[in-house]
Amino acid sequence: MGSKLCFLCHHPFWEEPLGCGSLIRNRYTLLRKIVDDIHVIFITRSNKKSPLPGTTVTLGAGLTNSAINEIQDFLNKQNFKFIYSSYNLFDKILEGVRAFKICEIHDVMHLRQQAFEEMGYSAPYQTTKADEIASLSAYDAIICINTNEEKYLKENSLTNVKYIPPNFSFNANVSGPNSKSFGIIGSAAKPNIDGFEFYKTQILNLEQVVIAGALSSNIGKVGYSSKNISLLGVVRNVVEFYKKVDISLAPVRFGGGLKIKAIEAIAHGKPVFGTKHSLSGFPEGIEQVSIAEDRHNKWNVNNMEALFDIKKSTIKQYVDENFSDLVCSMHFDDLLR
């Protein structure tokens, strides 16, 4: 496609191996296959520089009116046909930019905030429904990665919303130990810690449990140690983790968006046992490769047993039909043409 696209971001996704880093990196890689001319505009308050083709904009004094005007002038001079933004953070900048503006949201933030507060937590990002809907109205197209959130936004007057699943390729080269080993991988974010604490008695009673990511460091600090628990710490490559597990656990009870760790798990051939929340918003068929369960007394190996019988070919088919580059390219072709 002979168009010029600006990939606007604040995440140094090229160096973040997990979670949102992998999601954004996969999007960038996919868009490079679709669009001939793509420029990364990295806006940051840090000293980091983007190594990718494009420009780094360092906000020494923050996002002032002067900085907004300078960025707008710069973007307009580049004559971008499309501006793709991962996260709804740049609506004020893009108001004065001449291009087709696309925002991909990983969460509907006021719903995420509401979910935090219902569980007794304070959300790290605060907004209102009215403010978020108004800011999203600045874009020509909004991409949702969660089917439920797409429906919600359309029901709340945003007609330019399109569902495009995260693109993940099936990794056929990751075999597990075949020893009924269960795994959890995640950051030290509140929903991850809360989920582990809520189900910890059941999790720690499983025969073999591997825990990775910053979550495992947090668990190590509070003294959870046992011969059946392996704490890997932060891994640079998720394959290190998935080679050690047969079933992925997703105990997250609240939050927003789509749970990237659940997608990563099935993309590495691992069925998922998780809460209803952690498996919500997925395309139809998720129940073929997972079990959703909220009840404490059901978090045991007897209720997880059926997952060991799921064939790799079934998991691969679900990934290929819903998250492959081919499927996501078709969605983007329709949006960018």
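Quick caveat: nothing in here was measured; it's all calculated off a predicted structure. (Residues numbered from 1 in each chain as written. Predicted model: local features only at pLDDT ≥ 70, side-chain atom pairs only at ≥ 80, totals over all residues. Heavy atoms only, no water.)

Participant: Is there a simple way to think about the pattern of salt bridges in this case?
Facilitator: Side chains that differ in sign of charge can pair as their charged atoms come close. A complete count under the given rule lists twelve salt bridges for this structure. Between Glu293 and Arg295 there is a salt bridge, with its nearest N and O atoms 2.8 Å apart. Note on Glu293: relative accessible area 11%, which makes it buried. Among the residues examined, Arg295 registers a relative accessible area of 48% and is labelled partly exposed. Taken together, the shared-partner salt bridges in this structure form one network comprising Lys162, Asp334 and Arg337. (Salt bridge = Lys/Arg side-chain N within 4 Å of Asp/Glu carboxyl O. Buried < 20%, exposed > 50% of the residue type's maximum accessible area, 1.4 Å probe, protein only.)

Participant: Honestly, the sheet that holds strand β12 (residues 272–274) in this entry has me stumped. Any pointers?
Facilitator: The pairing of strands in a sheet comes from backbone hydrogen bonds and takes either a parallel or an antiparallel form. Taken together, six strands build an open sheet; the order of strands is β10-β9-β8-β11-β12-β13 and the sheet is parallel. The sheet terminates laterally at β10 (229–233) and β13 (290–292), the two strands that pair on one side only. Here the strands of the sheet are splayed against their neighbours by 20° on average, with no regard to which way each runs. Two elements, strand β11 (residues 247–250) and β12, share three bridges in a ladder whose sense is parallel. By the bridge assignment for β12, Ala250 is matched with Gly274. (Pairing = 2+ DSSP bridges. Helix = DSSP H or I, 4+ residues; strand = E, 2+ residues; numbered from the N terminus. Axes fitted to C-alpha atoms, helices over the stretch in contact; angles between N-to-C directions.)

Participant: I would appreciate a short explanation of the packing of helix α1 (residues 20–34) against helix α13 (residues 325–336) in the present structure.
Facilitator: For any two helices packed against each other, the geometry comes down to the angle between their axes and how far apart the axes lie. Two numbers describe how α1 lies on α13: the axes approach to 10 Å, and their chain directions differ by 60°. Here α1 is positioned oblique relative to α13, judged by the angle of their axes. Every pair of crossing elements has a handedness; the one defined by α1 and α13 is right-handed. Facing Arg27, Leu30, Leu31, Lys33 and Ile34 of α1, the residues of α13 in contact are Asp325, Cys328, Ser329, Phe332, Asp333 and Leu336. Residues of the contact of α1 with α13, tallied by class, amount to six nonpolar, one polar and four charged. (Parallel < 35°, antiparallel > 145°, perpendicular 65-115°, else oblique. Left-handed = near helix turned anticlockwise from the far one by under 90°. Contact = heavy atoms within 4.5 Å. Nonpolar A, V, L, I, M, F, W, Y, C, P; charged D, E, K, R; others polar.)

Participant: Looking at this model, I keep getting lost on the packing of aromatic side chains. Mind explaining?
Facilitator: Each aromatic ring pair is characterised by the separation of its centres together with the angle its planes make. A complete count under the given rule lists 16 aromatic pairs for this structure. Between Trp14 and Phe42, the aromatic rings sit 4.9 Å apart at their centres with planes inclined by 85°, giving edge-to-face as the arrangement. A residue pair is termed long-range when its members are at least 10 positions apart, and Trp14 in the loop between β1 (4–9) and α1 and Phe42 in strand β2 (residues 37–44) qualify at 28 residues. Relative to Trp299, the ring of Tyr199 has its centre 4.2 Å away and its plane inclined at 20°; by these criteria the two rings are stacked. Taken together, the residues Tyr199 in helix α7 (residues 190–204) and Trp299 in the loop between β13 and α11 (301–304) connect sequence positions 100 residues apart. For the residue pair Tyr199 and Trp299, the accessibility class agrees, reading buried in each case. Cluster of aromatic residues (ring-pair linked, three or more members): Phe7, Phe13, Trp14, Tyr28, Phe42 and Tyr84. A cation sits over an aromatic face here: Lys4 above Phe80, 5.1 Å from the ring centre. (Phe/Tyr/Trp six-rings, centres within 6.5 Å; stacked < 30°, edge-to-face > 60°. Lys NZ or Arg CZ within 6 Å of the ring centre and 35° of its normal.)

Participant: Looking at this structure, how should I read the nonpolar core?
Facilitator: If you look at soluble globular proteins, the nonpolar side chains tend to sit buried side by side. Phe7 and Phe332 are the most contacted members of the largest nonpolar core, which totals 57 residues. If you look at the next biggest cluster of nonpolar residues, it comprises 29 residues, including Leu75, Leu136, Cys144 and Leu153. (Core = buried A, V, L, I, M, F, W, Y, C linked by side-chain atoms within 4.5 Å.)

Participant: Even after reading the chapter, I still don't get helix α2 (residues 65–77), so can you show me in this structure?
Facilitator: Owing to its 3.6 residues per turn, the α-helix brings residues three or four apart onto one side. For α2, which comprises 13 residues, the first-to-last C-alpha distance of 18 Å matches the rise-based estimate of 18 Å (1.5 Å per residue) to within 8%. Those residues of α2 that fall on the buried side of the exposure criterion are Ala67, Ile68, Ile71, Gln72, Leu75 and Asn76. Buried residues along α2 cover an arc of 160° about the axis, so they all sit on one side. Turned more than 90 degrees off the buried face of α2, the exposed positions are Glu70 and Lys77. At its buried positions, α2 is contacted by β1, β2, β3 (54–58), β4 (82–86) and α3 (91–94). (Expected span 1.5 Å × (residues − 1). Arc of directions from axis to C-beta.)

Participant: Explanation requested: the sheet that holds strand β5 (residues 100–105) in the structure shown.
Facilitator: Taking strand neighbours across the sheet as the criterion, the seven strands line up as β3-β2-β1-β4-β5-β6-β7 in an open arrangement whose pairing is parallel. The sheet is open, and its two borders are formed by β3 and β7 (161–163), each paired with just one other strand. Across the sheet, the axes of successive neighbouring strands diverge by a mean angle of 20°, strand direction being ignored. Where β1 meets β4, four bridges bridge the pair, whose relative direction is parallel. Bridge pairing in β4 places Phe7 opposite Tyr84.

Participant: Before we go on, may I ask you to explain the layout of surface pockets in this structure?
Facilitator: Sizing a probe to match a water molecule and rolling it over the atoms shows the empty space that remains. Taken as a whole, the second largest pocket encloses approximately 300 Å³ of empty space. Contributing to the lining of the second largest pocket are 16 residues, with Ser22, Asn26, Asn167, Phe168 and Ser169 lying nearest its centre. Going through the elements one at a time, α1 and α10 (260–267) are the ones with two or more residues in the lining of the second largest pocket. Tallied by class, the residues present in the lining of the second largest pocket amount to five nonpolar, seven polar and four charged. (1 Å grid on protein atoms, 1.4 Å probe; cavity = no way out; pocket = protein on both sides within 12 Å on 5 of 7 lines; lining within 4 Å. Points joined across faces, edges and corners; volume = space filled by probe spheres on them.)

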